[in-house]
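Now for the letters of each chain:
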Amino acid sequence: MNIYRLVFIFMPVVIYMALIWAPPAAILGDASRILYFHVPVAWVSIVAFLVAGINSIILLVSEKNRREREFMAHNSAVAGMVFIILALITGSIWAKLSWGSYWNWDPRETSIVILMLIYIAYLSLYSSLKDNPNRGSISAVYLIIAMITMPFLVFIIPRIYPSLHPDTIINQERKIHLEAAMRITLFASIVTFTLLYGYIYRLMNRISALEIKAEEKHYDI
Amino acid sequence: MTSNPLMTLMTVVMIIWIGLALFLYRLDRRVSKIEEEMNEP
């Protein structure tokens with residue numbers, strides 16, 4: 001049984017919890033409910049970029065299934081790109097509600113845009129190497145370097161410079177500044193969005209495997 | 001529909017999710033079918 005199918009049951013529950021069950025935050029009010037969608041999509045984009053980097057390392061180290069690994073790394077980077085765009089849009093809406101402007105060039109916003117540009121560069125590199133036999137290895141090296149920059153852009157830079165962005169999950173006091181119901185909803189949402197990513201990623205990989213098979217069959221004939 | 005705007009919002013989001021879930025599930029089934037066909041000798 002495919003565990004990722006649980007997303008079909010979990011997602012309606014999370015939507016109910018996020019919009020009805022969880023209480024509104026003290027100052028932000030109901031606008032704070034964006035939290036249950038913005039944080040999970042941002043989290044999933046980081047997971048997806050990590051998976052892309054790990055697959056790239058395996059591709060360079062191991063000799064087996066190189067073509068499958070290439071697709072697996074690429075698919076995860078593409079999925080991560082979709083989720084990071086969603087995080088940027090939801091974050092921008094939230095910024096308008098709490099800071100008064102859709103875009104403030106806050107260190108958090110700027111660093112995420114830089115991260116996005118790094119992965120846009122990857123996508124153009126990958127598509128430009130279409131006829132290159134070393135496409136897999138070259139793009140794997142790039143993805144590993146991109147993965148190394150990620151912790152700096154996501155966790156370090158926004159904490160070095162003064163930022164308006166709250167650090168409710170990872171902060172200096174090492175405590176989560178959320179009520180119990182809000183915390184449960186947030187974690188349920190993170191799990192559900194991770195399952196959604198897993199489901200989509202698995203589907204993408206299966207389609208890629210079919211493409212490889214179809215190509216091989218084509219050459220056999 | 002109801003006096004609580006959050007309830008209306010939840011209904012709308014739920015309908016969108018059901019639509020997306022059906023689409024994803026159908027896509028999954030189609031891929032499984034093609035996989036079966038490809039694995040046949």
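Residues numbered from 1 in each chain as written. Chains lettered and ligands numbered in written order. Predicted model: local features only at pLDDT ≥ 70, side-chain atom pairs only at ≥ 80, totals over all residues. Heavy atoms only, no water.

**Remarks on the interface of chain A and chain B**
Item 1. Counting residues at the interface gives 21 residues for chain A and 19 residues for chain B.
Item 2. Of the roughly 1900 Å² buried at the junction of chain A and chain B (both faces included), carbon and sulfur atoms supply 75%.
Item 3. Remark: the boundary between chain A and chain B carries three salt bridges.
Item 4. Between D28(B) and R5(A) there is a salt bridge, with the nearest N and O atoms lying 3.3 Å from each other.
Item 5. The interface formed by chain A and chain B holds six residue pairs in polar contact (both at pLDDT 80 or more) in total.
Item 6. Looking at the side of chain A that touches chain B, the elements with two or more residues in it are α1 (7–21) and α6 (180–220) of chain A.
Item 7. If you tally residues by element for the side of chain A that touches chain B, the top one is α6(A), at ten residues.
Item 8. Considered class by class, the residues forming the side of chain A that touches chain B number 15 nonpolar, no polar and six charged. (Contact = heavy atoms within 4.5 Å. Buried area = accessible area lost by both parts, 1.4 Å probe. Salt bridge = Lys/Arg side-chain N within 4 Å of Asp/Glu carboxyl O. Polar contact = N/O pair within 3.5 Å; in protein donor to acceptor, adjacent residues only side chain to side chain. Helix = DSSP H or I, 4+ residues; strand = E, 2+ residues; numbered from the N terminus. Nonpolar A, V, L, I, M, F, W, Y, C, P; charged D, E, K, R; others polar.)

**Here's the deal with the packing of aromatic side chains**
Item 1. In this structure the tally under the stated criterion is nine aromatic pairs over all chains.
Item 2. With a centroid separation of 6.1 Å and 85 degrees between ring planes, the pair formed by F8(A) and Y25(B) is classed as edge-to-face. Taken together, the residues F8(A) in helix α1 and Y25(B) in helix α1 (residues 5–39) connect one chain to another.
Item 3. Ring geometry for F37(A) versus F193(A): centroids 6.4 Å apart, planes at 85 degrees, classification edge-to-face. With F37(A) in helix α2 (residues 35–61) and F193(A) in helix α6, this pair connects stretches of sequence that are 156 residues apart.
Item 4. Overall, the relative accessible area of 9% leaves F193(A) in the buried class.
Item 5. Here the aromatic residues F8(A), Y199(A), W17(B) and Y25(B) are joined through ring pairs into a cluster of three or more. (Phe/Tyr/Trp six-rings, centres within 6.5 Å; stacked < 30°, edge-to-face > 60°. Buried < 20%, exposed > 50% of the residue type's maximum accessible area, 1.4 Å probe, protein only.)

**Quick notes on the pattern of salt bridges**
Item 1. Here the structure, examined in full by the defined rule, presents five salt bridges over all chains.
Item 2. A salt bridge links R33(A) to D30(A), with the nearest nitrogen and oxygen atoms 3.1 Å apart.
Item 3. Note on R33(A): relative accessible area 5%, which makes it buried.
Item 4. Residue classification places D30(A) among the partly exposed residues on the basis of a relative accessible area of 41%.
Item 5. Connected through salt bridges with shared partners, the residues R5(A), R206(A), D28(B) and E35(B) form a single ionic network.

**Topic: the confidence of the model for chain B**
Item 1. The share of residues in chain B with pLDDT of 70 or more is 93%, and the mean pLDDT across the chain is 88.
Item 2. Our summary of model confidence lists the complex with pTM equal to 0.90 and ipTM equal to 0.88. (pLDDT = per-residue confidence, 0-100.)

**Examining the environment of F193(A)**
Item 1. Here the alpha-carbon distance between F193(A) and I145(A), two residues 48 residues apart in the chain, equals 26 Å.
Item 2. With residues up to four places along the chain from it excluded, the contact list for F193(A) reads M11(A), Y36(A), F37(A), P40(A), V41(A), V44(A) and F83(A).

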